[in-house]
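Summary of the model geometry
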Amino acid sequence: SYGSKIMCSCIFLAERDENSVMSQELNAFPISLGDFEVDREGEKVTGSVFGLAQRVAIYREGQGCTLLSGMDEKEVRSQAYHEVPKPNWSQDTVNWPNGNRLNDSILNLPEYRKIQDLINIEFEDSVKKSHLTHMIVVLHKGELVAEGYGNDHDINTKHTSWSMGKSIISNLVGLQVDKGVLSLDQNGLLPEWSDERKTINLKNMLQATNGLDWVEDYGGVSDATKMLFLNPDAAAIAASKPLKYEPGTYFYYSSGTTNIVSKILRNQLGEENYQRLPYEGLFYKIGMHNTVMEKDASGTFVGSSFVFAPARDFARLGLLMLGKGNWLGEQVLTEDWVKFATTPATAAPMGEYGAQWWLNAGNPSRPDEKKFPSLPNDAFYAGGFEGQWILVIPSKDLVIVRLGFTPKGEFSMDKFASSVIELLP
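Structural notes, computed from the coordinates. (Residues numbered from 1 in each chain as written. Predicted model: local features only at pLDDT ≥ 70, side-chain atom pairs only at ≥ 80, totals over all residues. Heavy atoms only, no water.)

Some remarks on the overall build of the chain
Helix and strand content of the chain: 14 helices and 15 strands. On C-alpha atoms alone, the chain measures out to a radius of gyration of 21 Å, which is about the 22 Å that the 2.2 N^0.38 rule sets for 425 residues. Along the first, second and third principal axes, the C-alpha atoms of the chain reach 55 × 50 × 40 Å. Out of the 425 residues in the chain, the part that is buried amounts to 57%. Summarising the internal contacts of the chain: among those between residues at least 6 apart in sequence, 61% fall at separations of at least 24. Accessible surface, the chain as shown: approximately 17,300 Å² in total, 48% of it carbon and sulfur. Mean positive and mean negative side-chain charge positions of the chain (40 and 54 charges, respectively) differ by 2 Å. (Helix = DSSP H or I, 4+ residues; strand = E, 2+ residues; numbered from the N terminus. Rg over C-alpha atoms; globule rule 2.2 N^0.38 Å. Buried < 20%, exposed > 50% of the residue type's maximum accessible area, 1.4 Å probe, protein only. Contact = heavy atoms within 4.5 Å. Areas by Shrake-Rupley, 256 points an atom, 1.4 Å probe, with all protein chains shown as cover. Lys, Arg positive; Asp, Glu negative; His and termini not counted. Charge placed at Lys NZ, Arg CZ, Asp CG, Glu CD.)

What about the side chain of Ser304?
Tracing the sequence through the fold places Ser304 in the loop between β8 (292-293) and β9 (307-309). The exposure class assigned to Ser304 is buried, which follows from its relative accessible area of 0%. At a separation of 3.0 Å, a polar atom in the side chain of Ser304 contacts the side chain of Asn259. (Polar contact = N/O pair within 3.5 Å; in protein donor to acceptor, adjacent residues only side chain to side chain.)

Details of the packing of helix α5 (residues 110-128) against helix α14 (residues 413-423)
Helix packing for two helices is described by the angle between their axes and how far apart those axes are. Where α5 meets α14, the axes come as close as 9 Å, and the angle between the chain directions of the two elements is 160 degrees. With respect to α14, the element α5 is oriented roughly antiparallel. In terms of crossing hand, the pair formed by α5 and α14 is right-handed. Seen from α5, the contacting residues are Glu111, Lys114, Ile115, Leu118 and Ile119; seen from α14, they are Phe416, Ser419, Val420 and Leu423. (Axes fitted to C-alpha atoms, helices over the stretch in contact; angles between N-to-C directions. Parallel < 35°, antiparallel > 145°, perpendicular 65-115°, else oblique. Left-handed = near helix turned anticlockwise from the far one by under 90°.)

Section: the sheet that holds strand β3 (residues 52-60)
The sheet built from four strands is open, its strands ordered β1-β2-β3-β4 with antiparallel pairing. Lying at the two open borders of the sheet, with one neighbouring strand each, are β1 (35-39) and β4 (64-67). This sheet shows a mean twist of 20 degrees between the axes of neighbouring strands, independent of strand direction. Alignment of β3 against β4, held across four bridges, turns out to be antiparallel. Bridge pairing in β4 places Ala57 opposite Leu67. (Pairing = 2+ DSSP bridges.)

Describing the layout of surface pockets
Of the volumes computed, that of the second largest pocket is approximately 420 Å³. If you go around the second largest pocket, you meet 22 residues; those closest to its centre are Gly383, Gly384, Phe385, Glu386 and Gly387. Sorting elements by how many residues they give to the lining of the second largest pocket places strand β13 (residues 380-384) first, with three residues. Split by residue class, the lining of the second largest pocket holds nine nonpolar, eight polar and five charged. (1 Å grid on protein atoms, 1.4 Å probe; cavity = no way out; pocket = protein on both sides within 12 Å on 5 of 7 lines; lining within 4 Å. Points joined across faces, edges and corners; volume = space filled by probe spheres on them. Nonpolar A, V, L, I, M, F, W, Y, C, P; charged D, E, K, R; others polar.)

Considering the state of the cysteines
Evaluated as defined, the whole model comprises one disulfide. One disulfide bridge connects Cys8 with Cys65, the sulfur atoms lying 2.2 Å from each other. Note on the Cys8 and Cys65 pair: the S-S dihedral is about -75 degrees, so by sign convention the disulfide is left-handed. Note that Cys8 is positioned in helix α1 (residues 2-12) and Cys65 in strand β4, a separation of 57 residues in sequence. (Disulfide = S-S within 2.5 Å.)

Some details on the sheet that holds β8
Across the sheet, three strands lie side by side as β7-β9-β8; this open sheet has antiparallel pairing. Only two strands of the sheet have a single neighbouring strand rather than two, namely β7 (159-160) and β8.

Here you go:
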């Protein structure tokens, strides 16, 4: 299931070839035992092991790839799709950040050339190491000052977000809270939560303090892997879990929580408004014209894990947060929402989590005890499996995006970002 989904997205969304995917994302045992048949005409990938246990992922234009997970292909393909057309102008003719035209006089400043050299070294080294860096983008004072691409990825390649998608779901909720459609203290979030779970409120969900009994593990069969790769309804398996802790008292990072929040949005908004929300409300307002949110077989966005975008689009999301929700004069998110999203949850012991955004705030009693020891305490980030980062450091007016395939975590964002900071003018 994992291999079929990854191969499908990398082929049909990222436009890479089978050999590239097999040599990188699907190279590890036991996934490497899989045989993956790519049907370009039928727009699907079928995976099996020694011809057994076939699993199918299908591609749908504008919606990315979806694992069928036991559902009928025809049924999934026939689901209603409410497309939001892309803006009808070329970003190549418009200046950054709405467009892709960069300022050469800024790029050629000596300090930024040194940052570019730092990026180039990372790509040279990544070929020799077990980790692979695919893309890096550095923004300073709102300008794109250096970037790099490699290992079968370029400026247009859409890359998986993994858990960076959680931060996008947070922002989508923020749009609805800002409008008064949702409120942080509302509870009774799902119809089936008629028991003690009805006390869980939206703030608990966003801050990963809902208290549900969940296992976030990707080393084998677990709640998280069953949700993403074996179940047609990602939110349902998470929502079925009983309460283990009193809501608001215990922090536990959970992909299941994010997918429940995605389902809550769907229930609240209705099908068409839900499907249109990411594109109309967020992506197309800030130049993220090439971002795609993928769905599970039931039709819910898998916000915990499956958003695909080029590095520059992810950088634009970081820039929006750096600007406290303001984009070229338009307040896309309110400052209050951005402040809430980047304020530590009381139950997070190291001040490491806000509302689906990771923080570097540090232990309230010992601020030096923090996730990134070398970086300022005001740093926050969207982080994802295998080394995906959108790092925002307001005190340095800095955004860094790093995307890659680093299953063992050899890439150090703490070291790389601190090196960038040393070179800033």
